[in-house]
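This is what each chain is made of:
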Amino acid sequence: MVMVTLLCGKGSPGTTTTAVAMALGWPRPVLLVEADPAGGSIGFGYGQGIDMQGRGLLGAQLAARHGDPTAAVWSNVVGLAEDRWLLPGIGEPRQASTIDYASLDGTLAGLGVDVLIDAGRTPGPDRVDALPAGSDRLLVVMRSTLAGVHTAQTAATAAVAACGAAPGVVGSVIVGPGRPYPEADVRAVMRDLAPVSGCIAWDPATAAVISDGFPAPRKWAISPLLRSAAALASALVAGAAEPPRPADSSAASIPGRPGPPSAADSPVAAVQVEAPVSVPAANDASAVRTR
Ligand SMILES: Nc1ncnc2c1ncn2[C@@H]1O[C@H](COP(=O)(O)OP(=O)(O)O)[C@@H](O)[C@H]1O
Ligand SMILES: [Mg+2]
């Protein structure tokens, strides 16, 4: 399994949007974790306000006090699409002070499926220790502007200091290459600090579906944003040695949202779950079920 963490500097370059798009295009089962100490937002954007029924990071931590931390995580996820789950983030920044990010890091590393983490801003105003040290890759998300690249360089330096990342672990992702600076220029200035792992296409219509809950356009599945995110996800997974073990999860689902762009023809065999994750009616409490 592989653990990839996305982070950013100040501003809002598209970290969460990229994380959701990558999770939807991930080539095998994956858990997306909203670990941003500033709070979760996916339920309000891609989730269109779905009732998470108390599931999330805080719930997982509380459940872990009385039982197995792995089971505590799985009992707090919601379905994002088939074979991809979301561990929703905290409700507000003040809750960050109660999260034990170090032990969460250890639990996620042993979960048995790939894990994609949205760590938000680094260093954050609320917690400076929220970066998972166990990540195989720490990727700084940035825009291709002067300010964006400068901010990303600062964040990359902070990320290395925060968790002592080994050489080769820290990389970067360009959101909207060529706006205005060309990908090659950004790659050149990031090469020594956080080499560019890939690019996410500039695609406001698709981004609005993810970040703001807009209805999905007809060609959503083949949108530039989702295709570029899937390509980046596949590139990151390509080196992973073993397919992940089956997940033991019971999940509510975010209803009515479009599925991943490439789930049907994923080149990697998906974990066989006992039953497909249900797609319940909006805010249907009975949709939470145990498989
Ligand atoms: N690839 C993209 N193309 C166009 N707009 C994007 C893209 N990614 C994100 N955005 C937009 O940028 C804004 C911030 O995105 P968000 O994912 O919330 O950033 P962050 O998590 O870094 O704060 C949102 O309005 C979102 O729609
Ligand atoms: Mg975010």
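Caption draft 1: Fine view of the site of ligand 1. In the vicinity of ligand 1, 17 residues are found, and the nearest of them are Ser-12, Gly-14, Thr-15, Thr-17 and Ala-207. Elements with a minimum of two residues in the shell around ligand 1: helix H1 (15-25) and helix H7 (204-212). Looking at the shell around ligand 1 element by element, the count peaks at 4 residues for H7. Among the residues forming the shell around ligand 1, the class breakdown is 9 nonpolar, 7 polar and 1 charged.

Caption draft 2: Examining the pairing of strand E1 (residues 3-8) more closely. Most of E1 is tucked away: 6 of the 6 residues are buried. Because side chains alternate across E1, one face comprises the buried residues Met-3, Thr-5 and Leu-7, and the other comprises Val-4, Leu-6 and Cys-8, equally buried. Taken together, the 5 bridges between E1 and strand E5 (residues 114-121) define a ladder with parallel strand orientation. When the bridges of E5 are listed, Val-4 appears paired with Leu-116. One ladder, built from 4 bridges, connects E1 with strand E6 (residues 137-143); its direction is parallel. Counterpart to Leu-7 in the pairing with E6 is Val-140.

Caption draft 3: Local environment of unusual backbone geometry. In the segment running from Arg-179 into Pro-180, the intervening peptide bond is cis, with an omega of -5°. Here Pro-180 lies in the loop between strand E7 (170-175) and helix H6 (183-190). Residue Gln-48 is not a glycine yet carries a positive backbone phi of 50°. For Gln-48, the location among the structural elements is in the loop between strand E2 (30-34) and helix H2 (57-64). By the C-beta count within 10 Å, which is 17 here, Gln-48 ends up partly exposed. The backbone of Gln-53 sits at a positive phi, close to 55°, despite the residue not being glycine. Checked against the element boundaries, Gln-53 lands in the loop between E2 and H2.

Caption draft 4: A look at the pairing of E5. Taken across its 8 residues, E5 has 8 buried, putting it largely inside the fold. With 5 bridges joining them, E2 and E5 adopt parallel strand pairing. Looking at E5, one finds that Glu-34 is bridged to Asp-118.

Caption draft 5: Spotlight on the packing of H1 against helix H8 (residues 224-237). Relative orientation of the contacting elements H1 and H8 amounts to 70°, with a least axis distance of 8 Å. Comparing their axes, H8 and H1 come out roughly perpendicular. Contact with H1, carried on its side by Thr-18, Ala-21, Met-22, Leu-24 and Gly-25, involves Leu-225, Leu-226, Ala-229, Ala-230, Leu-232 and Ala-233 of H8 and no other residues of that element. Taken together, the residues that form the contact of H1 with H8 break down as 9 nonpolar, 2 polar and no charged.

Caption draft 6: Inspection of the environment of Thr-122 at higher detail. Along the chain, Thr-122 falls in the loop between E5 and E6. Spatially, the C-alpha atoms of Thr-122 and Thr-154 are 8.9 Å apart, while their sequence positions differ by 32 residues. Residues in contact with Thr-122, not counting those within four places in the same chain, are Leu-7, Leu-131, Ala-155, Ala-158, Ala-159 and Ala-162.

Caption draft 7: Highlighting the packing of H1 against H7. Their axes nearest at 9 Å, the elements H1 and H7 cross at an angle of 95°. Considering the angle they form, H1 stands roughly perpendicular to H7. In contact with Thr-16, Thr-17, Val-20 and Ala-21 of H1, H7 contributes Ala-207, Ile-210 and Ser-211. Residues of the contact of H1 with H7, tallied by class, amount to 4 nonpolar, 3 polar and no charged.

Caption draft 8: Highlighting H7. Listing the buried residues of H7 in full gives Thr-206, Ala-207, Val-209 and Ile-210. For H7, the arc enclosing every buried residue in end-on projection is 150°, short of the 170-degree limit, so these residues lie on one face. Buried residues along H7 sit against H1 and H8. Backbone geometry just after H7 places Gly-213 at a positive phi near 75°.

Caption draft 9: Fine view of the nonpolar core. Ranked by internal contacts, the top residues of the largest apolar core, which has 81 residues, are Ala-23, Leu-31, Leu-32, Leu-116, Val-140 and Ala-159. With residues up to four places along the chain from it excluded, the contact list for Val-140 reads Leu-7, Cys-8, Ala-152, Ala-155, Ala-156, Ala-159, Ser-172 and Ala-194.

Caption draft 10: Spatial organisation of the confidence of the model for the protein chain. Averaged over every residue, the pLDDT of the protein chain is 84; the share at 70 or more is 82%. Taken as a whole, residues 241-250 scores under 50 in pLDDT and shows 27 contacts with residues more than four places along the chain or in a different chain. Across residues 260-291, where pLDDT falls below 50, the model places 63 contacts with residues more than four positions away in sequence or in other chains.

Thresholds applied
Residues numbered from 1 in each chain as written. Chains lettered and ligands numbered in written order. Predicted model: local features only at pLDDT ≥ 70, side-chain atom pairs only at ≥ 80, totals over all residues. Near = placed C-beta within 6 Å. Helix = DSSP H or I, 4+ residues; strand = E, 2+ residues; numbered from the N terminus. Nonpolar A, V, L, I, M, F, W, Y, C, P; charged D, E, K, R; others polar. Buried ≥ 20, exposed ≤ 12 C-beta atoms within 10 Å, placed from the backbone. Pairing = 2+ DSSP bridges. Axes fitted to C-alpha atoms, helices over the stretch in contact; angles between N-to-C directions. Parallel < 35°, antiparallel > 145°, perpendicular 65-115°, else oblique. Contact = placed C-beta atoms within 7 Å. Arc of directions from axis to C-beta. Core = buried A, V, L, I, M, F, W, Y, C linked by C-beta atoms within 7 Å. pLDDT = per-residue confidence, 0-100.

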